[in-house]
Amino acid sequence: MLAAALKRIFVPALILIGLLAAPIRAAQAADGDPPARAGRVSEVIGDAWLFDADSKEWVRVTRNQTVAEGDRLRTDERARVSLTVGSTSMWLDERSDLEFSQLDEGRVLLMLAKGDMGLSLRSQAAVSEYKVQTREGRFYAEQQGMYRVEQMDRGSRGFAFKGRLRFEFERGEGSQPVWLQNGEQAEFWWAGGPRTERQRLGSDSFGEWLLAQSRAEGDRFASGVSQRYVSPEMTGADELDRHGRWESSSEYGNVWIPTAVAVDWAPYRYGHWAWSRHWGWTWVDDAPWGYAPFHYGRWVTYGGRWVWAPGSYVVNPVYAPALVAWVGGVSVGVGGGYGYNNRPYYGWYPLGPREIYVPPYRHSPSHIHRINIDPDPVTVKRPHSNRDVVGAVSYLPGQGGPVRAMPVGEVRPVRPMPTAPARNDLMAVLPARSAVEAQVKPAPADMPWRSENLGRRERERERERDQAQSQMRDPARERARPQLPDASGPPSAARSVTVPEQRSESQPSAQRQERTDRIERLERIERQQQQQQQQQQQRVEAAPPPSQVRQATDRAMEQMRERAVERQQERPQERQQERQAERQRAVEPAAPPQVQMQAPRPQPEAQRPAQPQRQDDAGPRRNRAEEGQRSGGERASGERRRGEAER
């Protein structure tokens, strides 16, 4: 009976523990997944740059490029960038620096280091997800609307074009939040305490541009036909109505057809591959509408043309870098011999409906299930492979060559690849891009290669990399070497190394040492911030009050006036002598011209009387010159009289 009673007690308890542990295991498995949501660069005006953490360089940003969690975006002078994440739009002004500290389902944290940005929130879910961080604090939107945040040298400034905006200071436990209503703006700074200055909403060129862009994009989201077939949270779906039309297919459901494409056009052919540290090789299409159809859904030939089948309606679809299958490598020819060993290096073709996409990055079973959601089995009868379609396979024929359509006769011998090629493998055969698109510039020496505010994924990956390094290398030697910044997406050689499962005995000590160093670094940064705050507060307290400043100014002005009066009294005699000299010049007759004067007879040096030395050198220069003129005139008149007497 005791055993039966224990069984009745423990069995339900074990079942309950298993049910409670299931979500925990699912969450732990999902920790290794990349972000399910990404942003799109919808428009670039001027020169904008994206920081590559691997090469430590700024890479030029192009349209339809993907931005993800941890990316840092910067604009030059006279440059602006438009971004979209689902139904949310963002704009970045010139000379701005923005980092996506967090960008995933349920949370988006934007860190504005400098410059000006606009934000348009069109759903209540986005209102609760988005936050903008500045040096002074954080901005939270409480309603759907249009907002603007500016990071200045002296503080932060918020604008509420439409909606309600809340600001909370980063420091100061007793500081209260500040709310901005429609048509208000406020400036926030810290000077011995929280400071706020409210104003009516002003107008400038960037604000007018924001309102115009928001109205244009808002009309597309409000009146778009595509929202009947795909979710507005599918990034890039707002461009479909302007560049194509929708039709209903009995086999594939609702499909979208682009209106204008090239003659030999095929999906994933006109564009280029870009490396992402989250997903690996990511496709960047050249078409203005080329974002949503290349990161969601599938492509299929219907009615002799390529159409895009988004599949079943999903509220929050999962982003994929490129829904393609890869082919390439050495192929086996007829008769068992190896043929076509020089081409293709790497090729790919778009996946059709119900074809399984195998991500090349680390993922959990739930993640791969969300990407490969099967459409309605009634409308889709069987998987369709686009490899059999003529002209569907694109490939790189050689190093530096452009993307081409693979000949029909070479498609069948080429073997499929289980996953996408590694970074270094595909990098060696990518076509050469133009000098403008491939332009890069190094990062400043004082700029950190990454943000100190690491997200959850970055911390997990850093921990795993440190564990792998501590297992494969000598811990003592590793601690003696200088620490190098890790790079996401290591080369293929590094990824192919199998990490042993056995743990090193010195690994816990290495982890403790690393944790201690990290804590000390954070404490040091916090101490520096506190010292800066104390110094700033001391400067504010040491500043004299306005009354003392005015008294010191009055004393300085009085001293200046006294010096001016003394200088005026020091030279009364000099001014009197100058007036007498002027009166004498007016009374005396003018000296005759020298052309009418007769030259005096030359006399020997011994007979010439010695001229007495004048003692008036101490007088003003102007008086000496006048006396010299008078003495010269008297000598000339005396010599003229002596000449007449001799005659």
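**Q** It is not clear to me how the overall build of the protein should be interpreted in this structure. Could you clarify?
**A** Each helix and strand counted, the protein has 15 helices and 30 strands in total. In the protein, which comprises 647 residues, the proportion classed as buried is 39%. For the protein, the proportion of contacts with a sequence separation of at least 24, taken over those separated by at least 6, is 63%. Roughly 37,600 Å² of accessible area belongs to the protein as shown, and the carbon and sulfur atoms make up 51% of that amount.

**Q** Looking at this structure, I do not really get the pattern of salt bridges. What am I missing?
**A** Opposite charge on two side chains permits pairing when their charged atoms draw close. As enumerated under the stated definition, the model contains 23 salt bridges in all. Glu239 is the salt-bridge partner of Arg242, the closest N and O atoms lying 2.5 Å from each other. A salt bridge links Arg305 to Glu247; the shortest N-O distance between them is 3.4 Å. Placement of the pair is Arg305 in the loop between strand E22 (298-301) and strand E23 (306-309) and Glu247 in strand E18 (residues 244-249), with a sequence separation of 58 residues. Here Arg305 falls in the partly exposed class, since its relative accessible area comes to 34%. Shared partners join several salt bridges into a network, and the residues in it are Glu142, Arg164, Arg166 and Glu168.

**Q** I tried to follow unusual backbone geometry on my own but got confused; where do I start?
**A** Glycine aside, residues mostly have negative phi angles, and peptide bonds mostly take the trans form. One non-glycine residue, Arg95, lies in the positive phi region at around 55 degrees. Note that Arg95 resides in the loop between strand E7 (88-92) and strand E8 (97-104). You can call Arg95 partly exposed: its relative accessible area is 45%. Even without glycine at this site, Arg354 takes up a positive phi of about 70 degrees.

**Q** Just to check I follow, could you spell out the environment of Arg122 for this structure?
**A** Looking at where Arg122 falls in the secondary structure, it is placed in the loop between strand E9 (107-121) and helix H2 (124-129). Counting along the chain gives 99 residues from Arg122 to Phe221, while the straight-line C-alpha distance between them is 8.9 Å. Contact partners of Arg122, with chain neighbours within four places excluded, come to Ser87, Thr88, Ser89, Gln144, Ser214, Glu217, Gly218 and Phe221. From its side chain, Arg122 meets the backbone oxygen of Ser87 in a polar contact 2.9 Å long.

**Q** Would you explain the side chain of Asp285 in this entry?
**A** Note that Asp285 resides in strand E21 (residues 280-285). Arg63 provides the closest opposite charge to the buried, unpaired Asp285, separated from it by 8.0 Å. A polar atom in the side chain of Asp285 sits 3.0 Å from the side chain of Trp283. The contacts of Asp285, once residues within four sequence positions are left out, are Arg63, Asn64, Tyr270, Gly271, Gly290 and Phe294.

**Q** I keep staring at the side chain of Asp97 and nothing clicks. Help me out?
**A** Here Asp97 is to be found in strand E8. Given a relative accessible area of 3%, Asp97 falls into the buried group. A distance of 2.9 Å separates polar atoms of two side chains, one belonging to Asp97 and the other to Arg72. Within polar-contact distance, the side chain of Asp97 engages the side chain of Arg74 at 2.7 Å. For Asp97, the residues in contact, after removing those within four places along its chain, are Arg72, Leu73, Arg74, Met111, Leu112, Ala113 and Lys114.

**Q** Could you clarify how one ought to interpret the nonpolar core in this entry?
**A** Across soluble globular proteins, nonpolar side chains show a tendency to be buried alongside one another. Membership of the largest hydrophobic core comes to 54 residues, with the highest contact counts inside it found for Tyr268, Trp273, Trp299, Trp308, Trp326, Trp348 and Leu426. At the level of elements, E21, helix H5 (292-295), E23, strand E24 (324-328), strand E27 (346-350) and strand E28 (394-396) are the ones that each hand at least two residues to this core. Top contributing element to this core by residue count: E24, with 4 residues. Among the nonpolar cores identified, the runner-up in size contains 37 residues, and Val41, Leu121, Tyr130 and Phe139 belong to it.

**Q** How should I be thinking about the sheet that holds E24 in this particular structure?
**A** Sheet strands pair via backbone hydrogen bonds, and the direction of the pair is either parallel or antiparallel. Reading across the sheet, the 4 strands line up as E24-E27-E28-E29 and stay open at both edges, with antiparallel pairing between neighbours. A single partner strand is all that each edge strand has here, and the edge strands are E24 and strand E29 (404-405). Alignment of E24 against E27, held across 5 bridges, turns out to be antiparallel. Counterpart to Val327 in the pairing with E27 is Gly347.

Calculation criteria
Residues numbered from 1 in each chain as written. Predicted model: local features only at pLDDT ≥ 70, side-chain atom pairs only at ≥ 80, totals over all residues. Heavy atoms only, no water. Helix = DSSP H or I, 4+ residues; strand = E, 2+ residues; numbered from the N terminus. Buried < 20%, exposed > 50% of the residue type's maximum accessible area, 1.4 Å probe, protein only. Contact = heavy atoms within 4.5 Å. Areas by Shrake-Rupley, 256 points an atom, 1.4 Å probe, with all protein chains shown as cover. Salt bridge = Lys/Arg side-chain N within 4 Å of Asp/Glu carboxyl O. Polar contact = N/O pair within 3.5 Å; in protein donor to acceptor, adjacent residues only side chain to side chain. Lys, Arg positive; Asp, Glu negative; His and termini not counted. Core = buried A, V, L, I, M, F, W, Y, C linked by side-chain atoms within 4.5 Å. Pairing = 2+ DSSP bridges.

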